[in-house]
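Okay, here's what each chain looks like letter by letter:
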Amino acid sequence: TQHDIDLYYRTILDGIGTAGKLVREGFTATKQVTTKEGAADLLTEYDQRVEEILINRLRESFPTHKFIGEESTALGIKSSFTDDPTWIIDPIDGTTNFVHGFPFIAISVALAISKQVVLGIVYNPITDQLYSAIRGRGAFRNGQIIKCSGQKNLSLSQILGEYGPNRDPAILDTKCKILETIIGKVHSIRAMGSAALNLCLVAEGSCDAYFEYGVHIWDYAAGDLIAREAGAYTCDPSGAPLNLIDRRVLCAATKELAEQISPLLIQIDYPHD
Ligand code: LIP
(Lines give C-alpha, C1' and ligand atoms only; values in the text may rest on other atoms or scores of the structure.)
Protein backbone atom coordinates (compact mmCIF):
# COMPACT_ATOMS: atom_id res chain seq x y z
CA THR A 1 0.00 0.00 0.00
CA GLN A 2 0.99 3.65 -0.32
CA HIS A 3 1.28 3.74 3.44
CA ASP A 4 3.86 0.93 3.37
CA ILE A 5 5.78 2.60 0.54
CA ASP A 6 5.91 5.85 2.52
CA LEU A 7 7.33 3.94 5.48
CA TYR A 8 9.94 2.23 3.27
CA TYR A 9 10.84 5.63 1.85
CA ARG A 10 11.28 7.29 5.25
CA THR A 11 13.34 4.36 6.54
CA ILE A 12 15.76 4.30 3.63
CA LEU A 13 16.11 8.09 3.72
CA ASP A 14 17.19 7.77 7.33
CA GLY A 15 19.76 5.11 6.41
CA ILE A 16 21.04 7.17 3.49
CA GLY A 17 21.51 10.15 5.81
CA THR A 18 23.85 8.11 8.03
CA ALA A 19 25.61 6.50 5.06
CA GLY A 20 26.06 9.89 3.37
CA LYS A 21 28.05 11.19 6.34
CA LEU A 22 30.45 8.27 6.04
CA VAL A 23 30.86 8.84 2.28
CA ARG A 24 31.63 12.53 2.88
CA GLU A 25 34.25 11.56 5.48
CA GLY A 26 35.77 9.01 3.11
CA PHE A 27 35.85 11.42 0.20
CA THR A 28 38.75 13.37 1.66
CA ALA A 29 40.34 10.52 3.66
CA THR A 30 43.15 8.21 2.56
CA LYS A 31 41.47 5.06 1.33
CA GLN A 32 42.50 1.44 0.88
CA VAL A 33 41.88 0.82 -2.79
CA THR A 34 41.62 -2.75 -4.04
CA THR A 35 40.36 -4.21 -7.31
CA LYS A 36 37.54 -6.62 -8.13
CA GLU A 37 37.17 -8.05 -11.64
CA GLY A 38 40.01 -6.09 -13.24
CA ALA A 39 42.63 -3.39 -12.71
CA ALA A 40 40.08 -0.62 -13.35
CA ASP A 41 37.25 -2.14 -11.27
CA LEU A 42 37.86 -0.46 -7.93
CA LEU A 43 36.68 -1.05 -4.39
CA THR A 44 37.32 0.77 -1.11
CA GLU A 45 36.54 -0.07 2.49
CA TYR A 46 33.89 2.68 2.34
CA ASP A 47 31.84 0.83 -0.32
CA GLN A 48 31.51 -2.14 2.02
CA ARG A 49 30.82 -0.11 5.15
CA VAL A 50 28.14 1.99 3.46
CA GLU A 51 26.39 -1.12 2.16
CA GLU A 52 26.46 -2.63 5.66
CA ILE A 53 24.90 0.50 7.19
CA LEU A 54 22.07 0.48 4.66
CA ILE A 55 21.34 -3.24 4.86
CA ASN A 56 21.45 -3.28 8.68
CA ARG A 57 19.08 -0.31 8.88
CA LEU A 58 16.59 -1.90 6.45
CA ARG A 59 16.84 -5.39 7.94
CA GLU A 60 16.05 -4.03 11.39
CA SER A 61 12.77 -2.54 10.12
CA PHE A 62 11.87 -5.07 7.41
CA PRO A 63 13.29 -8.47 8.41
CA THR A 64 11.59 -10.39 5.57
CA HIS A 65 12.90 -8.19 2.77
CA LYS A 66 15.65 -9.39 0.42
CA PHE A 67 18.78 -7.54 -0.70
CA ILE A 68 20.88 -7.33 -3.83
CA GLY A 69 23.97 -5.29 -3.00
CA GLU A 70 26.97 -4.57 -5.17
CA GLU A 71 29.49 -5.38 -2.45
CA SER A 72 27.63 -8.36 -0.95
CA THR A 73 27.58 -9.80 -4.48
CA ALA A 74 31.33 -9.16 -4.81
CA LEU A 75 31.81 -11.08 -1.55
CA GLY A 76 29.95 -14.04 -3.03
CA ILE A 77 26.59 -13.43 -1.28
CA LYS A 78 24.64 -13.92 -4.47
CA SER A 79 20.94 -13.21 -4.27
CA SER A 80 18.72 -13.67 -7.29
CA PHE A 81 16.08 -11.20 -8.39
CA THR A 82 12.72 -12.63 -7.31
CA ASP A 83 9.17 -11.32 -6.72
CA ASP A 84 9.95 -10.73 -3.02
CA PRO A 85 10.36 -7.14 -1.84
CA THR A 86 14.01 -6.59 -2.72
CA TRP A 87 16.29 -3.66 -1.97
CA ILE A 88 18.81 -3.10 -4.76
CA ILE A 89 21.81 -1.23 -3.40
CA ASP A 90 24.88 0.43 -4.86
CA PRO A 91 26.64 1.94 -1.82
CA ILE A 92 28.94 4.12 -3.94
CA ASP A 93 28.09 4.38 -7.60
CA GLY A 94 31.12 5.99 -9.18
CA THR A 95 33.77 4.33 -7.01
CA THR A 96 36.49 5.44 -9.45
CA ASN A 97 35.35 9.05 -9.02
CA PHE A 98 35.36 8.51 -5.25
CA VAL A 99 38.94 7.21 -5.35
CA HIS A 100 40.08 10.19 -7.44
CA GLY A 101 38.15 12.84 -5.51
CA PHE A 102 35.89 13.67 -8.47
CA PRO A 103 32.66 14.76 -6.78
CA PHE A 104 30.29 12.81 -8.97
CA ILE A 105 29.29 9.85 -6.83
CA ALA A 106 26.03 8.52 -5.47
CA ILE A 107 24.40 6.16 -3.06
CA SER A 108 21.78 4.41 -5.15
CA VAL A 109 18.92 2.44 -3.63
CA ALA A 110 15.83 0.97 -5.27
CA LEU A 111 13.04 -1.17 -3.86
CA ALA A 112 11.45 -3.69 -6.21
CA ILE A 113 8.24 -5.57 -5.42
CA SER A 114 7.23 -8.33 -7.85
CA LYS A 115 10.27 -7.26 -9.88
CA GLN A 116 8.81 -3.79 -10.36
CA VAL A 117 10.78 -0.89 -8.92
CA VAL A 118 8.43 1.11 -6.69
CA LEU A 119 10.88 3.58 -5.20
CA GLY A 120 14.28 4.89 -6.10
CA ILE A 121 16.73 7.24 -4.43
CA VAL A 122 20.03 8.48 -5.82
CA TYR A 123 21.93 10.68 -3.39
CA ASN A 124 25.16 12.54 -4.04
CA PRO A 125 26.48 13.23 -0.52
CA ILE A 126 29.22 15.55 -1.80
CA THR A 127 26.92 18.01 -3.57
CA ASP A 128 24.00 17.13 -1.28
CA GLN A 129 21.67 16.48 -4.20
CA LEU A 130 18.98 13.92 -3.54
CA TYR A 131 17.01 12.55 -6.47
CA SER A 132 13.96 10.50 -5.61
CA ALA A 133 10.90 8.89 -7.10
CA ILE A 134 8.01 6.77 -5.96
CA ARG A 135 6.24 4.99 -8.82
CA GLY A 136 3.39 7.11 -10.17
CA ARG A 137 4.22 10.18 -8.10
CA GLY A 138 6.82 12.02 -10.20
CA ALA A 139 10.54 12.61 -9.78
CA PHE A 140 12.21 15.11 -7.46
CA ARG A 141 15.57 16.70 -6.74
CA ASN A 142 15.82 17.94 -3.16
CA GLY A 143 12.02 17.98 -3.03
CA GLN A 144 11.51 20.00 -6.25
CA ILE A 145 9.80 18.27 -9.17
CA ILE A 146 12.07 17.56 -12.15
CA LYS A 147 11.27 16.91 -15.79
CA CYS A 148 13.44 15.63 -18.62
CA SER A 149 14.27 17.90 -21.57
CA GLY A 150 11.72 16.51 -24.02
CA GLN A 151 14.39 16.67 -26.74
CA LYS A 152 13.42 14.79 -29.93
CA ASN A 153 16.25 15.85 -32.18
CA LEU A 154 19.50 13.87 -32.03
CA SER A 155 21.55 16.69 -33.59
CA LEU A 156 20.59 19.02 -30.72
CA SER A 157 21.35 16.49 -27.99
CA GLN A 158 23.92 16.14 -25.23
CA ILE A 159 24.52 12.43 -24.74
CA LEU A 160 26.07 10.48 -21.86
CA GLY A 161 28.08 7.38 -22.73
CA GLU A 162 30.47 5.47 -20.48
CA TYR A 163 33.49 3.27 -21.12
CA GLY A 164 32.94 1.17 -17.96
CA PRO A 165 35.62 -0.73 -15.98
CA ASN A 166 35.99 -3.70 -18.39
CA ARG A 167 39.40 -3.54 -20.13
CA ASP A 168 38.82 -6.39 -22.60
CA PRO A 169 40.25 -4.93 -25.85
CA ALA A 170 37.35 -6.17 -28.00
CA ILE A 171 34.76 -4.59 -25.70
CA LEU A 172 36.67 -1.33 -25.45
CA ASP A 173 37.06 -1.24 -29.21
CA THR A 174 33.30 -1.68 -29.71
CA LYS A 175 32.51 1.02 -27.15
CA CYS A 176 34.92 3.45 -28.83
CA LYS A 177 33.40 2.68 -32.26
CA ILE A 178 29.94 3.49 -30.93
CA LEU A 179 31.08 6.84 -29.52
CA GLU A 180 32.93 7.59 -32.76
CA THR A 181 29.73 7.05 -34.75
CA ILE A 182 27.64 9.22 -32.45
CA ILE A 183 29.93 12.18 -31.82
CA GLY A 184 29.52 13.67 -35.32
CA LYS A 185 25.75 13.62 -34.97
CA VAL A 186 25.22 15.35 -31.60
CA HIS A 187 26.11 18.51 -29.64
CA SER A 188 28.35 16.56 -27.25
CA ILE A 189 29.14 13.33 -25.46
CA ARG A 190 29.90 13.23 -21.72
CA ALA A 191 31.16 10.41 -19.47
CA MET A 192 30.59 11.32 -15.83
CA GLY A 193 31.37 7.94 -14.25
CA SER A 194 28.16 7.20 -12.37
CA ALA A 195 25.35 5.35 -14.08
CA ALA A 196 22.87 6.31 -11.36
CA LEU A 197 23.65 10.02 -11.65
CA ASN A 198 23.72 9.83 -15.45
CA LEU A 199 20.08 8.70 -15.35
CA CYS A 200 19.31 11.60 -13.00
CA LEU A 201 20.97 14.04 -15.42
CA VAL A 202 18.56 12.84 -18.11
CA ALA A 203 15.72 13.07 -15.58
CA GLU A 204 16.48 16.70 -14.75
CA GLY A 205 17.05 17.67 -18.40
CA SER A 206 20.74 18.60 -18.26
CA CYS A 207 21.50 15.72 -20.64
CA ASP A 208 19.18 14.28 -23.27
CA ALA A 209 20.17 10.62 -23.31
CA TYR A 210 22.43 8.02 -21.72
CA PHE A 211 23.40 4.53 -22.74
CA GLU A 212 25.75 1.94 -21.30
CA TYR A 213 26.68 -1.71 -21.75
CA GLY A 214 27.98 -3.75 -18.82
CA VAL A 215 26.20 -1.95 -15.99
CA HIS A 216 24.67 -3.95 -13.16
CA ILE A 217 21.17 -3.89 -11.71
CA TRP A 218 22.35 -1.81 -8.72
CA ASP A 219 23.78 0.85 -11.04
CA TYR A 220 20.51 1.60 -12.85
CA ALA A 221 17.46 0.28 -10.96
CA ALA A 222 16.85 3.49 -8.97
CA GLY A 223 17.91 5.91 -11.71
CA ASP A 224 15.64 4.19 -14.21
CA LEU A 225 12.56 4.88 -12.09
CA ILE A 226 13.63 8.48 -11.46
CA ALA A 227 14.15 9.05 -15.21
CA ARG A 228 10.80 7.46 -16.13
CA GLU A 229 8.96 9.45 -13.47
CA ALA A 230 10.54 12.59 -14.95
CA GLY A 231 9.06 11.68 -18.33
CA ALA A 232 12.07 9.97 -19.92
CA TYR A 233 11.91 6.81 -22.00
CA THR A 234 14.09 3.89 -20.92
CA CYS A 235 14.61 0.73 -22.93
CA ASP A 236 17.18 -1.90 -23.81
CA PRO A 237 19.76 -0.37 -26.22
CA SER A 238 18.31 -2.64 -28.96
CA GLY A 239 14.97 -0.85 -28.56
CA ALA A 240 13.35 -3.81 -26.74
CA PRO A 241 11.79 -3.28 -23.29
CA LEU A 242 14.34 -2.70 -20.52
CA ASN A 243 15.29 -5.71 -18.43
CA LEU A 244 16.97 -4.81 -15.14
CA ILE A 245 19.17 -7.92 -15.08
CA ASP A 246 20.41 -7.63 -18.69
CA ARG A 247 23.24 -5.22 -17.84
CA ARG A 248 22.45 -2.69 -20.58
CA VAL A 249 20.43 0.48 -20.71
CA LEU A 250 19.36 3.26 -23.05
CA CYS A 251 17.52 6.21 -21.54
CA ALA A 252 16.38 9.17 -23.61
CA ALA A 253 14.26 12.25 -23.05
CA THR A 254 11.79 10.94 -25.65
CA LYS A 255 10.98 7.71 -27.45
CA GLU A 256 11.75 9.50 -30.74
CA LEU A 257 15.28 10.26 -29.51
CA ALA A 258 15.81 6.66 -28.29
CA GLU A 259 14.73 5.46 -31.75
CA GLN A 260 17.41 7.61 -33.39
CA ILE A 261 20.15 6.43 -31.01
CA SER A 262 19.39 2.70 -30.94
CA PRO A 263 20.35 1.98 -34.61
CA LEU A 264 23.73 3.71 -34.06
CA LEU A 265 24.71 1.31 -31.26
CA ILE A 266 26.50 -2.02 -31.56
CA GLN A 267 24.82 -4.49 -29.25
CA ILE A 268 27.09 -6.06 -26.60
CA ASP A 269 25.81 -9.05 -24.61
CA TYR A 270 26.79 -9.88 -21.04
CA PRO A 271 25.87 -12.80 -18.80
CA HIS A 272 22.88 -11.46 -16.86
CA ASP A 273 22.97 -10.41 -13.19
C1 LIP B 1 30.18 2.21 -12.16
C2 LIP B 1 29.25 3.08 -12.91
C3 LIP B 1 29.90 3.78 -14.06
C4 LIP B 1 30.01 2.72 -15.04
C5 LIP B 1 30.62 1.46 -14.58
C6 LIP B 1 30.45 1.09 -13.11
P7 LIP B 1 30.46 1.49 -9.55
O8 LIP B 1 29.61 1.73 -10.93
O9 LIP B 1 28.14 3.55 -12.50
O10 LIP B 1 29.12 4.76 -14.68
O11 LIP B 1 30.63 3.15 -16.21
O12 LIP B 1 30.05 0.49 -15.42
O13 LIP B 1 29.56 0.06 -12.95
O14 LIP B 1 31.25 0.24 -9.81
O15 LIP B 1 31.30 2.66 -9.30
O16 LIP B 1 29.41 1.27 -8.53
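Just so you know, these numbers come straight off a predicted model, no measurement behind them.

### Some words on the site of the ligand
Near the ligand you find 15 residues, and of these Asp93, Thr95, Glu162, Gly164 and Ala195 are the closest. Considered class by class, the residues forming the shell around the ligand number three nonpolar, six polar and six charged. Domain assignment of the residues forming the shell around the ligand places at least three in each of domain 1 (2–145) and domain 2 (154–264).

### Some remarks on the sheet that holds strand β14 (residues 248–252)
Taken in spatial order, the five strands line up as β11-β10-β12-β14-β13 in an open sheet, and their pairing is mixed. Edge positions in the open sheet fall to β11 (188–190) and β13 (233–235), since each of these has one partner strand only. Strand-to-strand twist of the sheet, defined as the mean angle between neighbouring strand axes without regard to direction, takes the value 20 degrees. The pairing of strand β12 (residues 209–213) with β14 spans five bridges and is classified as antiparallel. Among the inter-strand pairings, phenylalanine 211 is bridged to a residue of β14, identified as leucine 250.

### Considering the nonpolar core
Soluble, globular proteins show a tendency: their nonpolar side chains are buried together. Within the largest apolar cluster, 77 residues are counted, with the highest numbers of intra-cluster contacts made by Leu199, Val202, Ala203, Ala209 and Ile226. Here this core spans two domains, and each of domain 1 (2–145) and domain 2 (154–264) adds at least three residues to it. Residues contacting isoleucine 226, with those up to four places away along its chain left out, are Gly120, Val122, Tyr131, Ala133, Ala139, Leu199, Cys200 and Ala203.

### Quick notes on the domain arrangement of the chain
Splitting the chain by domain gives domain 1 (2–145) and domain 2 (154–264). Taking the mean C-alpha position of each, domain 1 and domain 2 sit 20 Å from one another. Each side of the interface is counted separately: domain 1 has 34 residues, and domain 2 has 25 residues. Mapped by element, the contributors of at least two residues to the side of domain 1 that touches domain 2 are β3 (66–69), β4 (86–93), α4 (95–100), β5 (106–113), β6 (116–124), β7 (129–134) and β8 (139–141). A per-class count over the side of domain 1 that touches domain 2 returns 19 nonpolar, nine polar and six charged.

Criteria and thresholds
- Residues numbered from 1 in each chain as written.
- Predicted model: local features only at pLDDT ≥ 70, side-chain atom pairs only at ≥ 80, totals over all residues.
- Near = placed C-beta within 6 Å.
- Nonpolar A, V, L, I, M, F, W, Y, C, P; charged D, E, K, R; others polar.
- Domains from an automatic or database assignment.
- Pairing = 2+ DSSP bridges.
- Helix = DSSP H or I, 4+ residues; strand = E, 2+ residues; numbered from the N terminus.
- Axes fitted to C-alpha atoms, helices over the stretch in contact; angles between N-to-C directions.
- Core = buried A, V, L, I, M, F, W, Y, C linked by C-beta atoms within 7 Å.
- Buried ≥ 20, exposed ≤ 12 C-beta atoms within 10 Å, placed from the backbone.
- Contact = placed C-beta atoms within 7 Å.

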